[in-house]
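# Descriptive structure summary
Here's the letter readout for the chains.
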Protein chains: 2
Amino acid sequence: MDLLKEKIVAEGKVLSDTVLKVDAFLNHQIDPVFMQEIGKEFANRFRDKNITKILTLESSGIAPATMAGLELDVPVIFARKRQSLTLTNNLLTADVYSFTKQTTSKISVSHDFIQADDRVLVIDDFLANGQAALGLMDIAEQAEATVAGIGIVIEKGFQEGGQALRDKGVKVESLAIIDSLENKQVVFKEEVRQQ
Amino acid sequence: MDLLKEKIVAEGKVLSDTVLKVDAFLNHQIDPVFMQEIGKEFANRFRDKNITKILTLESSGIAPATMAGLELDVPVIFARKRQSLTLTNNLLTADVYSFTKQTTSKISVSHDFIQADDRVLVIDDFLANGQAALGLMDIAEQAEATVAGIGIVIEKGFQEGGQALRDKGVKVESLAIIDSLENKQVVFKEEVRQQ
């Protein structure tokens, strides 16, 4: 998605060889009009998959997932990473290690909102080692729902998550794939191919 | 907002005299089309306030705030409750006691994204004792920004937050105000007035 790549270059900050900061439009400040374009892009890529539900993870997945849900006109569930007063029963859970936070958390989704006849689109902001997406897939599978696809805003192609998810045979659509963050430069996957 | 009240009655669950669970469309599962109506309602009520930025708190504030941001075409910042790998410097912070979680957390917003010339609309899902909104106002004030208004999806009118915020002289718009949750019944504020 060219608009996304332009925004990453213009507003992103490379913090290290493995960490890209996009707090300016995705992870802290949100650009809502741009998020709607993200949502439309996800919707276009998965419109043929008869999605009935979108599953994401708090917090940075919520905005892109909600916009995709608006375009596809389906509900969006955000898995909780922490205890909630109201999210207490009928829980499906999975353990997820966060690359950015360097901690393991138990994510929870209520079985009230995801059923065996659901066709689920998993959406998340970043794909690094794939733990979050794998955890969400695990939860969908516990509900015996079908994971019809995975939508990622930014994939770090030099980490193992992309391969791990694609090896499971599910359609993975990343709106931008980064091949390298070395030397404080963002190199997108297409650019490497052209060299 | 009648559509909101209908949804609360149809899909909400009264857990106790003080806790309403709306996981079905706001706090865990999100109804994106309905959230867009919420966003439009907030936008209509604050369109005359020259809002330049919306400030909310992760996680349940993100969807309604993002939809309001879409309607008003302004950026949305979600304050972080927990440490983030990328949100590390130039932080404005405030301590907030969460009624639902019964814990105090330090919320953070980067000063990079909120400036003295900003006119801020604070948006949150619930208003109970007002701590979250007061914390967000505190952060806006630290940035010397103007708090032009506060938008709340559901206010629990029998708790002190509404009064605390209105006493500060800022315009507070709650899309539904609940007067009582006793006897497992939701009584909206207008209903009490009519008795």
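Thresholds, definitions, all that
- Residues numbered from 1 in each chain as written.
- Chains lettered and ligands numbered in written order.
- Predicted model: local features only at pLDDT ≥ 70, side-chain atom pairs only at ≥ 80, totals over all residues.
- Heavy atoms only, no water.
- UniProt positions renumbered as here; feature names shortened; annotations may be inferred.
- Core = buried A, V, L, I, M, F, W, Y, C linked by side-chain atoms within 4.5 Å.
- Buried < 20%, exposed > 50% of the residue type's maximum accessible area, 1.4 Å probe, protein only.
- Contact = heavy atoms within 4.5 Å.
- Salt bridge = Lys/Arg side-chain N within 4 Å of Asp/Glu carboxyl O.
- Helix = DSSP H or I, 4+ residues; strand = E, 2+ residues; numbered from the N terminus.
- Phe/Tyr/Trp six-rings, centres within 6.5 Å; stacked < 30°, edge-to-face > 60°.
- Lys NZ or Arg CZ within 6 Å of the ring centre and 35° of its normal.
- Pairing = 2+ DSSP bridges.
- Axes fitted to C-alpha atoms, helices over the stretch in contact; angles between N-to-C directions.
- Buried area = accessible area lost by both parts, 1.4 Å probe.
- Polar contact = N/O pair within 3.5 Å; in protein donor to acceptor, adjacent residues only side chain to side chain.
- Nonpolar A, V, L, I, M, F, W, Y, C, P; charged D, E, K, R; others polar.

Looking at an unreviewed UniProt entry, chain A carries the name Xanthine phosphoribosyltransferase, with the source organism given as Oceanobacillus locisalsi. What UniProt states about chain A under its Subunit (unreviewed entry) heading is, verbatim, "Homodimer." Under the UniProt heading Sequence similarities (unreviewed entry), the note attached to chain A is "Belongs to the purine/pyrimidine phosphoribosyltransferase family. Xpt subfamily."

### Quick word on the nonpolar core
Among the nonpolar cores identified, the biggest contains 78 residues, and A:Leu4 and B:Leu4 are the most heavily contacted of them. When near neighbours in sequence (up to four residues on either side) are disregarded, B:Leu4 contacts B:Phe25, B:Phe34, B:Ile38, B:Val153, B:Ile154, B:Leu175 and B:Ala176.

### Comments concerning the pattern of salt bridges
Residue and element names in this part refer to chain A. For the coordinates displayed, the defined rule picks out 20 salt bridges over all chains. One salt bridge connects glutamate 173 with arginine 45, and the closest N-O pair in it is separated by 2.7 Å. Of this pair, glutamate 173 sits in strand 10 (residues 172-180) while arginine 45 sits in helix 3 (residues 32-46); the two residues are 128 residues apart in sequence, bridging distant segments of the chain. Each member of the salt-bridge network shares a partner with another, and the members are Glu41, Arg45, Lys171 and Glu173.

### Structural notes on the packing of aromatic side chains
The description of two aromatic rings rests on the distance between their centres and on the angle between their planes. Residues and elements named next belong to chain A. According to the stated counting rule, one finds two aromatic pairs over all chains in the structure shown. For the ring pair phenylalanine 25 and phenylalanine 34, a centre distance of 5.5 Å and an interplane angle of 85° mean the geometry is edge-to-face. A relative accessible area of 1% means that phenylalanine 25 is categorised as buried. The class of phenylalanine 34 is buried, set by a relative accessible area of 4%. A cation over an aromatic ring shows up here: lysine 7 above the ring of phenylalanine 34, its NZ or CZ 5.2 Å from the ring centre.

### Points about unusual backbone geometry
Cis geometry marks the peptide bond from A:Glu58 to A:Ser59; its omega dihedral reads -5°. Looking at the secondary structure, you find A:Ser59 in the loop between strand 4 (53-57) and helix 4 (62-72). Although it is not a glycine, A:Asp73 sits at a positive phi angle of roughly 55°. Locating A:Asp73 in the fold gives a position in the loop between helix 4 and strand 5 (76-79). For B:Lys184, which is not glycine, the phi torsion reads 55° and is therefore positive. Its place among the elements puts B:Lys184 in the loop between strand 10 (172-180) and strand 11 (187-188).

### Structural notes on the sheet that holds strand 10 of chain B
Overall, mixed pairing links the seven strands, which are arranged 3(A)-5(B)-4(B)-8(B)-9(B)-10(B)-11(B) in an open sheet. Bordering the open sheet on either side are strand 3 (29-30) of chain A together with strand 11 of chain B, each of which pairs with just one other strand. Here three bridges tie strand 4 (residues 53-57) of chain B to strand 8 (residues 119-127) of chain B, and the two strands are oriented parallel to one another. Bridge pairing links B:Lys53 to B:Val120 in strand 8 of chain B. Of the strands in this sheet, strand 9 (146-156), strand 10 and strand 11 of chain B touch helix 1 (residues 2-11) of chain B, which is tilted by about 35° from strand 10 of chain B. Sitting on the sheet, helix 5 (residues 131-142) of chain B is in contact with strand 4, strand 5 (76-79), strand 8 and strand 9 of chain B, with an inclination near 135° to strand 4 of chain B.

### Observations concerning the interface of chain A and chain B
Tallying the contact residues gives 47 residues for chain A and 47 residues for chain B. Here chain A packs against chain B, burying approximately 3,800 Å² in sum over the two surfaces, 61% of which is carbon and sulfur. Between the two partners, chain A and chain B, sit zero salt bridges. The interface formed by chain A and chain B contains 15 residue pairs in polar contact (both at pLDDT 80 or more). Elements that contribute at least two residues to the side of chain A that touches chain B include exactly strand 2 (20-21), helix 2 (23-27), strand 3, helix 3, helix 4, strand 5 and strand 7 (103-110) of chain A. For the side of chain A that touches chain B, the element with the most residues is helix 4 of chain A, which contributes six residues. Residue composition of the side of chain A that touches chain B, grouped by class: 22 nonpolar, 15 polar and ten charged. Where strand 3 of chain A and strand 5 of chain B come together, two bridges link them in antiparallel fashion. Of the residues in strand 5 of chain B, the one forming a bridge with A:Gln29 is B:Ile77.

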